[in-house]
Amino acid sequence: MRIDVLTLFPEMFESPMSFSILKRAKDSGVVEIVLTNIRDFSKDKHKKVDDRPYGGGPGMVMMCQPVFDCFKHVAEQSKEKGRIILLTPQGKPFTQKLAAELANEKRIILISGHYEGFDERIRTGLAAEQISIGDYVLSGGELAAMVIIDTVARLLPGALGDEYSAQDETFSESAGGGSTSLTAGGLEYPQYTRPEVFRDMKVPDILLSGHHAEIEKWRHRQSLERTRQIRPDLLKE
Ligand code: 6GU
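Residues numbered from 1 in each chain as written. Predicted model: local features only at pLDDT ≥ 70, side-chain atom pairs only at ≥ 80, totals over all residues. Heavy atoms only, no water.

> Which residues make up the environment of Y192, and what values do they have?
Topologically, Y192 is positioned in the loop between strand 10 (186-187) and strand 11 (197-198). Note: C-alpha distance between Y192 and L207 (15 residues apart in sequence) is 8.6 Å. Those residues within four positions of Y192 in sequence are excluded, and the remaining contacts are V203, P204, L207 and W218. (Helix = DSSP H or I, 4+ residues; strand = E, 2+ residues; numbered from the N terminus. Contact = heavy atoms within 4.5 Å.)

Dropping the structure here:
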């Protein structure tokens, strides 16, 4: 899969992509991530990319020219049109389901804004869909783009190494990984590892009992109870 990112801050992406699963997915060619700096396409003599909003109001708005020219340059690098996605708090919510859908694409093009937002003609002119990663405001779309890249990349075939994929099979009902916290639409049950007792806190007896059927039942009950307490909205679905 090819993921293009149009951004004013390509350097922000370096560290998250240099570790763990994302690094391996990149190194093994499962995913190709291409960062392009929008500012390089500004035709303004001061490389301006934002301006004051018509009608007044606070903040600055991302201008059409640099984004349209940057997009044209990026689009032409591959025959694949791809899904064109604008990162904004006004977008549809990013979910595991949407991540799975994006993981089926050959290419996605993420456009990260900064400042108060994008000139509306960027969305309409590029026929971009808008995605938000949650109901809070980030100072830019870069962190949102990284969240999407990480979530999508780990779903690609071959992205998770052997030690992970083996676990995935054990928990085949989970939303996509041994380390996921979502189990069949609810929250994950509590996990423990060695030692059996740490500072007087003991691992539940049931987990040491070897009764696999009972352990499964316990985990299911724990999962349901946690979901009811913390995320009742997930049970209504
Ligand atoms: Cl995609 N962008 C910004 N700036 N803030 C957000 C967001 C995106 N998703 C949630 N908050």
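Once the structure has been displayed, the description carries forward.
> If you had to explain helix 8 (residues 212-230) to someone new, which residues and values would you point to?
Taking 1.5 Å of rise per residue, 19 residues should cover 27 Å, and helix 8 covers 27 Å from first to last C-alpha, within 8% of that figure. Considered for burial, the residues of helix 8 that qualify are I215, W218, R219, S223 and T227. Taken around the axis of helix 8, the buried residues stretch over an arc of 160 degrees, which confines them to a single face. Among the exposed residues of helix 8, those oriented more than 90 degrees off its buried face are A213, H220, R221 and Q229. (Expected span 1.5 Å × (residues − 1). Buried < 20%, exposed > 50% of the residue type's maximum accessible area, 1.4 Å probe, protein only. Arc of directions from axis to C-beta.)

> Tell me about a nonpolar patch on the surface, and name the residues and values.
The grouping of F9, M12, Y136, L138 and L143 at the surface amounts to a nonpolar patch, some 430 Å² of accessible area in total. Here F9 lies in the loop between strand 1 (2-7) and helix 1 (20-27). A relative accessible area of 31% means that F9 is categorised as partly exposed. (Patch = residues over 30% accessible without salt bridge, like charges linked within 9 Å, V, L, I, M, F, W, Y side chains within 5 Å. Areas by Shrake-Rupley, 256 points an atom, 1.4 Å probe, with all protein chains shown as cover. Salt bridge = Lys/Arg side-chain N within 4 Å of Asp/Glu carboxyl O.)

> Give me the lowdown on the site of the ligand, citing residues and values where you can.
Close to the ligand lie L87, T88, P89, I131, S132, I133, G134, Y136, L138, G140 and A144, which account for all nearby residues. For the ligand, whose free accessible area comes to 290 Å², the fraction covered by protein is 95%. The site holding the ligand turns out to be the second largest pocket. Contributions of two or more residues to the shell around the ligand are made by strand 5 (83-93) and strand 8 (129-132). The element best represented in the shell around the ligand is strand 5, accounting for three residues. Tallied by class, the residues present in the shell around the ligand amount to seven nonpolar, four polar and no charged. (Near = heavy atom within 4 Å. 1 Å grid on protein atoms, 1.4 Å probe; cavity = no way out; pocket = protein on both sides within 12 Å on 5 of 7 lines; lining within 4 Å. Sits in = over half its atoms within 2 Å of the grid points. Nonpolar A, V, L, I, M, F, W, Y, C, P; charged D, E, K, R; others polar.)

So far we have only geometry, and geometry alone does not tell us how the molecule works.
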